[in-house]
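Chains, contacts and geometry: an overview
What follows is each chain in one-letter form.
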Amino acid sequence: MSTFQAPKGTYDLIPPRSATFLAVRDAISTPVKNAGYGYIETPGFENVELFSRGVGESTDIVTKEMYTLTTKGNDYLALRPEGTASVLRAALQANLHKQGNLPVKLWYSGSYYRYERQQAGRYRHFSQVGAEAIGAEDPALDAELIILADQAYRTLGLRNFRILLNSLGDKECRPVYREALQTFLRGLDLDEETLRRAEINPLRVLDDKRADVQKQLVGAPVLTDYLCDACKTYHAEVRELLTAAGVAFEDDVKLVRGLDYYTRTTFEFVHGGLGSQSAVGGGGRYDGLSEMIGGPALPSVGWALGVDRTVLALEAEGIELDVPSATSVFAVPLGEEARRVLFGKITELRKAGVAADFSYGGKGLKGAMKDANRSGARYAVVAGERDLAEGVVQLKDMESGEQEPVALDALVEAVRAKLA
Ligand code: AMP
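Residues numbered from 1 in each chain as written. Predicted model: local features only at pLDDT ≥ 70, side-chain atom pairs only at ≥ 80, totals over all residues. Heavy atoms only, no water.

**Points about the environment of V270**
Heads up, the condition is: Strands here mean DSSP runs of E at least two residues long; helices mean DSSP runs of H or I at least four residues long; both are numbered from the N terminus. Buried residues are those whose accessible area, probed at 1.4 Å on protein chains only, stays under 20% of the maximum for their type, while exposed residues exceed 50% and partly exposed ones sit between those limits. By the convention used here, residues are in contact when the closest approach between their heavy atoms is within 4.5 Å.
Relative to the helices and strands, V270 resides in strand β9 (residues 263–271). Residue V270 is classed as buried on the basis of its relative accessible area, which comes to 7%. Discounting residues that sit within four places of it in the chain, V270 has contacts with N160, F161, R162, L164, S278, A279 and V280.

Right, here's the structure in full:
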C-alpha cells in the first residue's frame, strides 16, 4: 500500500474537478434556500442508537455498512451513514418543533460514510445535500421537495433522469399489506437469509436484485392495492400537484428504498447514464421517525441528493458547467522592487473584490507568464524596474495579447472597469 493512497472506496476532490462539486452543491441548495429552508449542520458522528432505531435494525445500512467506534470514554458512536436521523435529532434537541412554526424547514450539506462494496458511483465516503420539512402532513410539502430537486437538476442542465414515485402506506394500511406479502413470501423457494428478511422487513425483499428472486416475485401482492383511503387521497394529491407543476414522474410500485423509516410518499431520481448505481437522489415521507427515536409525533418529509453521482451524471451527459475562472488578474513581477509593489497591488485588488494571484518563487518573465496562463486569468499585470520608474505597470489582456501601460495609482479602478 502506498503512503499516498486514499483509503479504499474514497477519493479526493482536486482542482479543477472540485469546482464542479462546489457548483453542484450550490445548484442543489439554491432552490431550497429560495423556498424557506434554513441551513443546519450536525456532527459527523452520532450515537449508534440513533441510526439503529431510526434507519432500522434490519437495513443493510445498519447491519453491514456503519463505521462504528467505541471512544476512550466508552461512547458507542457511528460515522453518519445518512442525514435525516441526525437532522431530526438536532431539531428535537433544540426544540425547533415547539416554536409554533411548523413545518420546520432545514437543509444541509456534508460527508456521509457507508462501508459498502466499492464500485462506480458507490463510495465509502460520499457527499449529499439534503432538505427536510419537519412537523407537517401536507401533500404540498411532498410535492414542493420533489419540484425543488427537479429544478436543481434542470438548472444544472441534466435531462436524462426520471422521477420514480410510490406510496408505502401508513400505520393503518401497511401492516395489512405486510401480512399479505409475508404470507406470499413464505410460499416461495428462498434462501435462509432472504426468508429471515421476509420476517423482519418483507418489503425489502421486493428490492432484491437477483433474477431468480425477481422471477418468483411476479404475482406478489402490490402495496398500491392495499392503501387505505387516507393514503390514497394523499398520494393522489401529491401526484396532481406534481402534474400541475409540469414535473413528470413514473409510478413504481416496487420502490421501497433502503431505509425503514419511510411512510407514504417515496421517490427516487434515477439517471440513465450511471449504470447500476443509477439513483442520483431520493427521499420520502417519514411520519413515524420522530417517535422511533423517542420524540413526539412529527410527520415529516425530505430528500438527499448525492453530489458525487450528480457530478457523474453531468459527465455522462457531457455537460460542462460554466465555472468562472478562479483568478481574474495575475501579477508578474520582474525584480525585487516589482515584487514588493505588485504584491501590494494584488492585496489591494483582492480587497476590492477582484480575484487576483501572484507569481511566487522569484521566477523570470517566461516562467511567470506560464503561471499567468495556467491560472486562467483574463489579465496579467507585468512590471519591471523601468515601468516602476515611470509609475506604471503593463496590463496585458490574456485573450487578445494586447498590452497597455496603466498608471500604478489607477490600476485597481482600471481593472475593475475592464472586468465589469
Ligand atoms: P440514500 O440515503 O441511500 O437514499 O441516498 C441518497 C443519495 O445519496 C443516493 O441517491 C446517491 O446519490 C447518494 N449515495 C448514497 N450512497 C452512496 C454511496 N455509497 N456512494 C455515492 N453516493 C451515494
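**Some details on the pattern of salt bridges**
Quick note on the threshold: For salt bridges, the criterion is a side-chain nitrogen of Lys or Arg within 4 Å of an Asp or Glu carboxyl oxygen.
On inspection of all chains with the given rule, the structure shows 28 salt bridges. Here R239 and D251 are joined by a salt bridge, their closest N and O atoms 2.5 Å apart. Here R239, found in helix α10 (residues 229–244), pairs with D251, found in strand β8 (residues 250–251); they are 12 residues apart in sequence, far enough to count as distant. Overall, the relative accessible area of 46% leaves D251 in the partly exposed class. It is possible to trace a salt-bridge network through shared partners that takes in D60, K64, R197 and R204.

**Focus on the domain arrangement of the protein**
Formally: An automatic or database domain assignment provides the domain bounds reported here.
By domain assignment, the protein separates into domain 1 (17–173 + 227–316) and domain 2 (329–419). One C-alpha centre belongs to domain 1, the other to domain 2; they are set 48 Å apart.

**Here's the deal with the layout of surface pockets**
For clarity, the cut-off: Method remark: on a 1 Å grid restricted to protein atoms, a set of points is classed as a cavity if a 1.4 Å probe fits but cannot get out and as a pocket if it is open with protein on both sides within 12 Å along at least five of seven lines; lining residues have an atom within 4 Å of a point. Grid points are joined across faces, edges and corners, and a volume is the space filled by probe spheres set on the points. The classification used treats Ala, Val, Leu, Ile, Met, Phe, Trp, Tyr, Cys and Pro as nonpolar, Asp, Glu, Lys and Arg as charged, and all other residues, Gly among them, as polar.
By volume, the second largest pocket amounts to about 640 Å³. Lining the second largest pocket are 30 residues, and of these D170, K171, R174, Y262 and T263 lie nearest its centre. Those elements that place two or more of their residues in the lining of the second largest pocket are α6 (174–186), α8 (202–205), β9 and α11 (289–292). Taken together, the residues of the lining of the second largest pocket sort by class into 11 nonpolar, 6 polar and 13 charged.

**Re the sheet that holds strand β14 (residues 379–383)**
To keep things clear, this is the line we draw: A pair of strands counts as paired when DSSP detects no fewer than two bridges linking them. With axes taken as lines fitted to C-alpha atoms, and helix axes fitted only over the stretch in contact, angles between N-to-C directions fall between 0 and 180 degrees.
The strand order β13-β12-β14-β15-β16 describes an open sheet built from 5 strands, whose pairing is mixed. Because the sheet does not close on itself, it has two edges, and the strands there are β13 (356–358) and β16 (403–407). Across this sheet, the average inter-strand angle for adjacent strands is 25 degrees, counted without regard to direction. Strands in contact with helix α14 (residues 365–375) are β12 (329–333), β14 and β15 (392–397); relative to β12, the strand with the most contacts, it is inclined by about 175 degrees.

**Things to note about the packing of helix α5 (residues 139–155) against α10**
A packed helix pair is summarised by two numbers, namely the angle formed by the two axes and the spacing between the axes. Our working definition: The cut-offs work like this: below 35 degrees is roughly parallel, past 145 is roughly antiparallel, 65 to 115 is roughly perpendicular, and the gaps in between are oblique. Handedness of a crossing follows from how the near helix is turned relative to the far one, being left-handed for an anticlockwise turn of less than a right angle and right-handed for a clockwise one.
As a packed pair, α5 and α10 sit with axes 9 Å apart at the nearest point and diverge in direction by 40 degrees. The orientation of α5 with respect to α10, classified from their angle, is oblique. Crossing of α5 against α10: the hand is right-handed. Residue-level inspection shows P139, A140, D142, A143, I146 and I147 of α5 in contact with α10, the latter providing Y234, E237, V238, L241 and L242.

**Remarks on the nonpolar core**
Put simply, the test is: Put simply, a nonpolar core is a bunch of buried Ala, Val, Leu, Ile, Met, Phe, Trp, Tyr and Cys residues held in one set by side-chain atoms that sit within 4.5 Å of each other.
With 47 residues, the main nonpolar core has L88 and I134 as its most contacted residues. Taken together, the elements giving at least two residues each to this core come down to α2 (48–54), α3 (60–63), α4 (84–93), β5 (104–113), β6 (125–134), α6, α8 and α9 (211–217). If one sorts the elements of this core by residue count, α4 sits on top with 6 residues. In contact with L88, other than residues within four places in its own chain, are I134, Y286, L289, S290, I293 and L298. One finds I28, Y153, L165 and F267 within the second-largest nonpolar core, a separate group that totals 40 residues.

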